[in-house]
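# Understanding the architecture of this molecule
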Amino acid sequence: MTDKTSAVTALRSRHLLGIAGMEPDEIELVLDTALAMKEVATRPIKKVPTLRGRTIINLFFESSTRTRMSFELAEKRLSADTLGMTSAGSSLAKGETLSDTARTLEAMAPDMIVMRHASSGVPHQLARICKASIINAGDGMHEHPTQALLDAFTMREHKGHLKGLRVAIVGDLAHSRVLRSNVRLLTKMGADVTACGPATLVPPGLDALGVRVTTSMDAAVEGADVVMMLRVQHERMQGLYFPSVREYFTLYGLTPARLRRAAPDAIVMHPGPMNRGVEIDSEVADGPWSVILDQVANGVAVRMAVLYLLAGGDERADASAT
Amino acid sequence: MSVLLKSVHVVDPASGRNGRFDVLITGGRVTRVGTDLPVDGARVVELPAGCVVAPGFIDMHVHLREPGQEYKETIATGTLSAVTGGFTAVACMPNTDPINDTASVTEFIMKRAAETGLARVYPIGAVSVGSKGEQLAEIADLRAAGCVAITDDGRPVATSLLMRRALEYASMFKMPVIDHCEDSSLKGDGVAHEGAVAGLLGLKGIPGACESIGVERGVSVAEMVGGHFHVAHMSTRQSLRAVRAGKERGVHVTTEVTPHHFVLTEAALAERGGFDTNTKMNPPLREEADRAAMVEGLRDGSIDAIATDHAPHHADEKALEYDRAPFGIVGLETAVPLCLDRLVHAGVIGLPRLVELLSVNPARILGLPGGSLADGAPADLTILSPDTSVTIRASAFKSKSRNTPFDGWTLKGAVAATIVGGRLVFANEAIVGRLDLS
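Residues numbered from 1 in each chain as written. Chains lettered and ligands numbered in written order. Predicted model: local features only at pLDDT ≥ 70, side-chain atom pairs only at ≥ 80, totals over all residues. Heavy atoms only, no water.

### A closer look at the pairing of strand S16 (residues 381-391) of chain B
All names here are of chain B. Bridge count for strand S5 (residues 52-55) against S16 is four bridges, and the pairing is antiparallel. Directly across from Val 53, in S16, lies its bridge partner Ile 383. Bridge count between S16 and strand S17 (residues 410-420): eight bridges; the pairing is antiparallel. Each bridged residue has a counterpart across the sheet, and for Thr 391 the counterpart in S17 is Thr 410. (Pairing = 2+ DSSP bridges. Helix = DSSP H or I, 4+ residues; strand = E, 2+ residues; numbered from the N terminus.)

### Section: the nonpolar core
A general trend in soluble globular proteins is that nonpolar side chains are found buried together. Among the nonpolar cores identified, the biggest contains 94 residues, and Val177(B), Leu203(B), Phe229(B), Phe262(B), Ile306(B) and Leu354(B) are the most heavily contacted of them. Here the element with the most residues in this core is helix H12 (residues 335-344) of chain B; it accounts for seven residues. Setting aside chain neighbours within four positions, we find Leu354(B) in contact with Ile306(B), Cys339(B), Leu340(B), Leu343(B), Val344(B) and Ile349(B). Of all hydrophobic cores here, the second largest spans 64 residues; its members include Met112(A), Leu150(A), Leu173(A) and Ala311(A). (Core = buried A, V, L, I, M, F, W, Y, C linked by side-chain atoms within 4.5 Å. Buried < 20%, exposed > 50% of the residue type's maximum accessible area, 1.4 Å probe, protein only. Contact = heavy atoms within 4.5 Å.)

### Remarks on the packing of helix H1 (residues 75-84) of chain B against helix H2 (residues 103-116) of chain B
All names here are of chain B. One way to put it is that H1 packs onto H2 with a least axis distance of 9 Å and a crossing angle of 60°. By the angle class used here, H1 and H2 are oblique. As for the relative orientation of H1 and H2, their crossing is right-handed in sense. Contact residues: H1 offers Ile 75, Ala 76 and Thr 79, while H2 offers Ile 109, Arg 112, Ala 113 and Thr 116. (Axes fitted to C-alpha atoms, helices over the stretch in contact; angles between N-to-C directions. Parallel < 35°, antiparallel > 145°, perpendicular 65-115°, else oblique. Left-handed = near helix turned anticlockwise from the far one by under 90°.)

### Looking at the interface of chain A and chain B
The interface is formed by 25 residues belonging to chain A together with 22 residues belonging to chain B. Taking both partners together, chain A and chain B bury about 1,800 Å²; carbon and sulfur atoms supply 60% of that area. At the junction of chain A with chain B, the criterion picks out zero salt bridges. Where chain A meets chain B, there are 10 residue pairs in polar contact (both at pLDDT 80 or more). Among the secondary structure elements, those contributing two or more residues to the side of chain A that touches chain B are helix H3 (98-107), helix H4 (122-127) and helix H6 (177-188) of chain A. By residue number, the principal contributor to the side of chain A that touches chain B is H4(A), which donates three residues. Taken together, the residues of the side of chain A that touches chain B break down into nine nonpolar, 12 polar and four charged. (Buried area = accessible area lost by both parts, 1.4 Å probe. Salt bridge = Lys/Arg side-chain N within 4 Å of Asp/Glu carboxyl O. Polar contact = N/O pair within 3.5 Å; in protein donor to acceptor, adjacent residues only side chain to side chain. Nonpolar A, V, L, I, M, F, W, Y, C, P; charged D, E, K, R; others polar.)

### Quick notes on the domain arrangement of chain A
All names here are of chain A. Once the domains are mapped, chain A shows domain 1 (19-142 + 297-311) and domain 2 (145-295). Summarising the inter-unit geometry, the C-alpha centres of domain 1 and domain 2 are found 25 Å apart. Across the boundary between the two partners, domain 1 contributes 31 residues, which contact 28 residues of domain 2. Counting the surface lost from both domain 1 and domain 2, the interface buries some 2,400 Å², and carbon and sulfur atoms represent 60% of this. (Domains from an automatic or database assignment.)

### With respect to the side chain of Glu106(A)
Residues and elements named next belong to chain A. Tracing the chain through its elements places Glu 106 in helix H3. Here Lys 131 takes part through its backbone nitrogen, which lies 2.9 Å from a polar atom of the side chain of Glu 106. Setting aside residues no more than four positions away along its own chain, Glu 106 makes contact with Cys 130, Lys 131 and Ala 132.

### Thoughts on the sheet that holds strand S4 (residues 133-139) of chain A
One key point about sheets: their strands pair by backbone hydrogen bonds, in either a parallel or an antiparallel sense. Residues and elements named next belong to chain A. Within the open sheet, the four strands sit side by side as S2-S1-S3-S4. Their pairing is parallel. Every other strand in the sheet has two partners, leaving strand S2 (81-86) and S4 as the edge strands with one partner each. Between one strand axis and the next, the sheet turns by 15° as a mean value, whatever way the strands run. The sheet contact formed by strand S1 (residues 55-60) and strand S3 (residues 112-117) spans five bridges and is parallel. Of the residues in S3, the one forming a bridge with Ile 56 is Met 112.

Spelled out as structure tokens, the structure:
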């Protein structure tokens, strides 16, 4: 029951910096391509030769387990040569400018660079300098495009469509790149998005994207087809953003009782890692509504699709096209 | 030897002149302005049609970086940048290394400026020792050495009590207290104006109220104890409202605005691929309503001066993550074209008002000679060619630094020449040819 509607056959940019730069038909293309990629994981030998001979550098300036592993798995299943570097901290901390970092990487002639950075905008800054395709694996509080794509893929898989889908996103909106990418993607695809969190954690600008913002979780969840919970960095926030984890859970924790306000066949999503008992009740996380592990599985397929398309897809034999 | 500028378009708001006059310069001073002055052995100099002669522009807010950060700028390069941009004088902020909180630092700056001999340099001293906000700097001593105002710029005056004591103490020397108005707790580690653009780019915000709280504080304290409170680089409509309210109540409050705050908005952060660190300054580029308010304040007279907040940074420092790059842009060589294009040619203000903002009022606020072409005034002249278009080329800046968001902009309005103390210190030969004032 999944619709397959992509009209384009290639991405327009050679980078994936954010959902902000993608057109709806490109989003469809990634989701459709991911469908084919997902099939690879069902084979006894989960590997195709598509990216043989291509070099991909995984550059994680901020610690990451699941996203890094998901990308690595996607790269390996496509037979790319990969190498990784994880180094918390900034260029500055190493006494290196961003352009030095970029030039050093360029000298190794990678085809693609998958990068995560704690500062918003770093992939955009590097994309102005680097020849390689840059894939944003999360920049600061700005974007996490592959997460939004895998979330959309998961929603489409379960609901068949994105247009008109009622999606509630709840939690720490202010600091979340997952929120920003999801909101961009879902509004582009015609979903009906409500963002919800305490007034202390609502960033300005969401209304400009056509998102309904509420501080009432009951209102947000009411009739929702999808309830997406965001992680709360409660260790850092307790005190000035909200008084206590206890009060946060009272107001914004997803419990079975709250979930009953949602549509009967609603699904529950979470980008992980979850704080059980802070933003989500274990009964919900492990319940029949939860598609959280589907998200993880789909992440690999979506990242395979992105890597494949940026490498040129069917049309382009090499990644030199811009 | 005298020089007679013959039948030139003079804009001198102090005397109300705005028309063709002769200007006689003798011994580094303007000795007479009038019509059909006798040549009397003076060298007669004519200017191309379209040139405008104004009292020298004074940038009352620049960072010359010397001593201590000579890799960003020096007094020599900063003053060369100033005269190239049409400024005959600059007032330099004390956040050097060491901080200009003692007469010896002030004297060093004065000495370096005299050696360079380009723009006049008026140091501004620190309010507090080390700008730490704890104890008053030796303000009488700073004054005697040549400081014309005090500020802890880069940081706000730390507390309301320190603001009170600074205003009280500085009033004895007729010096303004200049405040970088900012509530530090509201600013937090913000890097961009708190609004829709930063919200969606995932950049931490600096709310507008962060500034206006500081403005309100300064106005209230000055109302209580007197003294002259000057708001540095004002950027929000709320601040402007506070300044207007203070002026209406008779408080001695003055303010300046930078060209980037009346030309650009937060939208620049998302342009050119986004996250260009040359759009990062403090106060940050605000929203359109704020920019429009700054333009209106310049028009209606509630803003007193235009100052650039010239803040040179090395390219390597700006080539960092947006949230780690330093705040600030260079301003001296882009200000006059931006003002002429966006204020005069845009029909917001006329040339006399522009000269007030760039010359008359900065001189009055800081108590400097200059700001007029009265008989006996220093022969500091800015000669404009308002109808000549220029294209900003950062790579050609005389400043040591290149950090500008205006690179490549074409603007209508050029600096034709700059004269300090009767000496030609800058000439755009494409406009004025080879001028000889010797």
